[in-house]
Amino acid sequence: MREKTKIYMELAAAFLILALAFQVAARKIPGFADWYAHHVYPMIVGSVGRAFGCFPFSVSEFGIYLLIGGLFGWLVWQIRVRKKWLVRLFGRVVTLVAVLFFLYTMNCGINYHARAFSEYAGIETGKYTTGELAELCGFLTEKVNENAPVSEEDRERYFSYKNRKWEWQRAGVLAMQAVGEKYPVLAGFYPKAKQVTVSDILSVQQLSGIYSPFTVEANYNGAMTDYNIPHTICHELSHLKGFMREDEANFIACLACSLSGDRAFRYSGYLLGWIHAANALADADLEAYRECAAKLGTEVRKDLARNNEFWDRYDTKTAKVANQINDTYLKANLQEDGVKSYGRVVDLMLAYRKMERKEN
């Protein structure tokens with residue numbers, strides 16, 4: 001028993017040392033994280049991501065259920081049959097944690113310290129006037145209305161997730177490949193994003209989606225209001241290109257959706273972009289925001305109302321704790337504004353809009 005425990009502890013130490021070494025290299029060696037994210041990590045996506053992508057369900061989700069069930073069963077067996085089960089448990093748990101930390105580091109953690117997508121795309125953010133923000137909101141309002149459903153029949157045919165689940169998963173890959181044609185750093189293989197089967201697990205945490213570094217899977221919440229799903233699919237898939245910053249993943253998702261040939265994706269991307277920009281405008285100029293919001297079509301207003309009703313059901317203490325954990329996690333990976341970093345997408349949209357207007 002002692003020999004087995006010793007082996008487990010040695011394995012744990014080895015994985016922990018390796019993980020910490022890569023974490024330090026990513027933070028301290030200039031260019032290492034960038035090289036890793038765009039040369040080594042794509043091979044992981046192309047192998048591990050491709051392998052787990054063959055399963056039609058989220059392997060990471062069911063892996064968690066099996067892990068919990070297996071641990072519980074193992075504990076019951078150890079307590080009934082063997083002595084010193086606590087020592088055995090300690091050695092195995094420490095090893096498991098070390099292995100998971102190593103996988104997290106190799107498939108996610110290093111990428112947090114790579115160059116931003118905006119640098120590859122030549123997008124330079126700066127300071128913007130309220131007028132420029134209002135102009136962006138006006139542009140997005142036009143695009144939202146242009147792509148929005150025009151009736152309940154139209155909504156059921158083109159904008160219903162339950163009717164188009166498999167189409168949307170394929171369309172997400174196509175949308176990312178389309179933006180990859182414009183920006184080669186986003187080109188290449190993408191597995192399909194997967195719905196979390198028990199999506200309430202994400203809803204109670206007020207999460208739209210989650211990337212699993214252990215199986216290299218992009219997972220999303222299938223219980224949300226329909227218009228959220230295409231954008232979330234592209235957001236999570238963007239992490240599979242090494243871009244872990246949430247603000248940039250949101251921007252990439254908006255951009256990918258806007259280039260999609262699927263109207264539901266364009267609607268999702270423009271509407272999520274509108275929400276970010278409009279919230280910023282409301283803080284800067286409430287009257288300008290009201291004028292902009294008043295121009296939204298009837299079906300768009302219905303969607304926004306449904307979305308508020310959905311998330312209000314999950315505005316609980318659990319959600320607040322999950323939000324605090326997420327905030328701490330982001331700060332630990334040098335996203336110093338924590339969950340506030342999600343709002344930086346507005347600066348990227350403003351810079352991109354300015355760049356596009358110059359080109360045209």
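Structure: above.
Residues numbered from 1 in each chain as written. Predicted model: local features only at pLDDT ≥ 70, side-chain atom pairs only at ≥ 80, totals over all residues. Heavy atoms only, no water.

**Concerning the side chain of Asp154**
Basically, it comes down to this: Helical segments are the DSSP runs of H or I of at least four residues, strand segments are the runs of E of at least two, and each set is numbered from the N terminus. Three exposure classes are used, based on accessible area relative to the maximum for each residue type with a 1.4 Å probe and protein chains only: buried under 20%, partly exposed in between, and exposed over 50%. By the criterion applied in these results, polar contacts are pairs of N or O atoms within 3.5 Å in which, for protein atoms, one can donate a hydrogen and the other can accept it, and in which residues neighboring in sequence qualify only through two side-chain atoms. Here, residues are in contact when the closest pair of their heavy atoms is within 4.5 Å.
Looking at where Asp154 falls in the secondary structure, it is placed in helix α7 (residues 152-158). Residue classification places Asp154 among the buried residues on the basis of a relative accessible area of 10%. There is a polar contact of 2.6 Å between the side chain of Asp154 and the side chain of Arg263. Excluding its chain neighbours within four sequence positions, the residues that come into contact with Asp154 are Ala148, Pro149, Phe159 and Arg263.

**Comments concerning the pairing of strand β3 (residues 217-220)**
Definition in use: What makes two strands pair is DSSP finding at least two bridges between them.
Along β3, one buried face is formed by Glu217 and Asn219 and the opposite face, lined by Ala218 and Tyr220, is buried too. Sheet analysis places strand β2 (residues 209-212) next to β3, joined by four bridges and oriented antiparallel. Bridged to Gly209 within β3 is Tyr220. Connecting β2 to the next strand, β3, in antiparallel fashion are four residues, including Val216 with a positive phi near 55°.

**Regarding unusual backbone geometry**
Here Gln206, not a glycine, exhibits a phi torsion of approximately 55°, which is positive. Looking at the element boundaries, Gln206 is found in the loop between α9 (200-203) and β2. Within the chain, Val216 stands out as a residue other than glycine whose phi angle is a positive 55°. Looking at the element boundaries, Val216 is found in the loop between β2 and β3.

**Considerations on the nonpolar core**
Put simply, the test is: Put simply, buried Ala, Val, Leu, Ile, Met, Phe, Trp, Tyr and Cys residues joined by side-chain atoms within 4.5 Å make one nonpolar core.
Counting 87 residues, the largest nonpolar core has Phe117, Tyr183, Leu186, Phe251 and Trp274 as its most contacted members. Broken down by element, the residue count for this core peaks at 10 residues, all from helix α12 (residues 263-284). Each residue touching Tyr183, except ones within four places of it in the same chain, is listed here: Phe117, Ala121, Leu255, Tyr352 and Met355.

**Here's the deal with the environment of Leu350**
Following the sequence through the fold, Leu350 ends up in helix α16 (residues 345-359). Leu350 sits in the buried class, given a relative accessible area of 8%. Taking the C-alpha atoms as reference points, Leu350 and Cys137, 213 residues apart in sequence, are found 9.7 Å from one another. Discounting chain neighbours no more than four positions away, the residues touching Leu350 are Tyr128, Glu132, Leu133 and Leu136.

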